[in-house]
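Structural overview for review
Below are the chains, spelled out letter by letter.
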Amino acid sequence: MQAKSDVTNFVPYNVPLCDGREVLVREITEDDKVGLLAAFNRLSADARYARFMAAMQQLPEAMLEQATHPSAEREFALVALATENKVSSIVGGARYAAAPGSDTCEFAVTVADDWHRLGLASRLLGTLIDIARSRGYRCMEGYVLSSNTAMRRLAKRFGFADLACPDDATLRVVTLAL
Ligand SMILES: CC(C)(COP(=O)(O)OP(=O)(O)OC[C@H]1O[C@@H](n2cnc3c(N)ncnc32)[C@H](O)[C@@H]1OP(=O)(O)O)[C@@H](O)C(=O)NCCC(=O)NCCS
């Protein structure tokens, strides 16, 4: 497994979306706490449940802190920023995390409700897969609600296998060899 310092730094890029809008994709930083909290607060209850698999009224400070301070060795996180009327806001994010020494990483991706079906999650997940592969991971997996058709279709388009989750019929595990 390569340490982050051994690999090329991530270069931010612009993504043109199919409705003509554009977002900037870059690595998350510790300065994104306020923006990330605002993005969480804008998510619908359904989207929060789909992402966290729990009815989350608030994003706990510990999760916010962890999200904005990914481990350089085992985690990687992207945000997508939209600028409207000179104000930037986070409209999407994707991350992976791995247990120490593991060559499997677990991903999650979220896009703001009013930015769905524009191709943003596809770009974020594609980038995440490329980064994980370049950093030596051999497998990417994610836990997805069985009812989450959007995420399951997205994973399928990237070639993930969609498997039953042992002991929990409400979940699927999607896995991709990198
Ligand atoms: C799942 C989720 C991330 C998908 O995000 P998204 O940005 O809408 O995904 P995309 O736009 O890349 O793809 C979704 C659909 O839009 C379609 N699409 C993408 N680009 C398009 C374009 N240019 N024109 C028309 N349709 C397009 C895709 O083909 C896809 O269609 P499908 O439903 O037939 O497969 C989003 O619904 C979400 O954030 N949900 C809540 C959180 C969640 O469930 N996270 C997953 C847990 S890991």
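Everything numeric here is computed off the predicted structure, so don't read it as measured data.

**With respect to the packing of helix 4 (residues 120–134) against helix 5 (residues 149–157)**
Geometry of a packed helix pair, given as the angle between the helix axes and the separation of the axes. One way to put it is that helix 4 packs onto helix 5 with a least axis distance of 11 Å and a crossing angle of 50°. Classified by the angle between their axes, helix 4 and helix 5 sit oblique to one another. Seen along the crossing, helix 4 lies across helix 5 with a hand that is right-handed. Here helix 4 contributes Ala 121, Ser 122 and Leu 125 to the contact with helix 5, which in turn contributes Met 151, Leu 154 and Arg 157. Of the residues assigned to the contact of helix 4 with helix 5, the class counts are 4 nonpolar, 1 polar and 1 charged.

**Description of the nonpolar core**
Ranked by internal contacts, the top residues of the largest apolar core, which has 38 residues, are Val 23, Tyr 96, Phe 107 and Met 140. Top element by residues in this core is helix 4. It accounts for 8 residues. If sequence neighbours within four positions are ignored, Met 140 has contacts with Tyr 96, Cys 105, Phe 107, Leu 125, Leu 128, Ile 129, Ala 132, Phe 160, Val 174, Thr 175, Leu 176 and Leu 178. Grouped together as the second largest cluster of nonpolar side chains are 12 residues, Ile 28, Ala 39, Phe 40 and Leu 59 included.

**Observations concerning the pattern of salt bridges**
One pass over the full model with this rule turns up 8 salt bridges. Notably, a salt bridge pairs Arg 21 with Asp 19, separated by 2.7 Å at the nearest N-O pair. Exposure remark for Arg 21: the relative accessible area of 26% places this residue in the partly exposed category. Classification of Asp 19 by relative accessible area gives partly exposed; the value is 38%. The network of salt bridges with shared partners includes Asp 19, Arg 21 and Glu 84.

Criteria and cut-off values
Per chain, residues are indexed from 1 in the order of the written sequence. At least 70 in pLDDT is required for a residue's local features to be given in this predicted model, at least 80 for side-chain atom pairs to be given and counted, and no such filter applies to totals for whole chains, interfaces and linings, which use all residues. Side-chain calculation: all heavy atoms of the structure are included, whereas hydrogens and water are not. With axes taken as lines fitted to C-alpha atoms, and helix axes fitted only over the stretch in contact, angles between N-to-C directions fall between 0 and 180 degrees. Helix and strand definitions here come from DSSP, where helices need a minimum of 4 consecutive H or I residues and strands a minimum of 2 consecutive E residues; each element is numbered from the N-terminal end. Here roughly perpendicular refers to angles of 65 to 115 degrees, roughly parallel to angles under 35, roughly antiparallel to angles over 145, and oblique to all remaining angles. Left-handed describes a crossing whose near helix is turned anticlockwise from the far helix through less than a right angle; right-handed describes the clockwise counterpart. In what follows, residue pairs with any heavy atoms lying within 4.5 Å of each other are defined as contacts. Ten residues, namely Ala, Val, Leu, Ile, Met, Phe, Trp, Tyr, Cys and Pro, are considered nonpolar, four, namely Asp, Glu, Lys and Arg, are considered charged, and the remaining ones, Gly among them, are considered polar. Joining through side-chain atoms within 4.5 Å is the link that ties buried Ala, Val, Leu, Ile, Met, Phe, Trp, Tyr and Cys residues into a set, and such a set is a nonpolar core. Only protein chains enter the calculation, and the probe is 1.4 Å; a residue is then buried if its accessible area is under 20% of its type maximum, exposed if over 50%, and partly exposed in between. For this analysis, a salt bridge means a side-chain nitrogen from Lys or Arg found within 4 Å of a carboxyl oxygen belonging to Asp or Glu.

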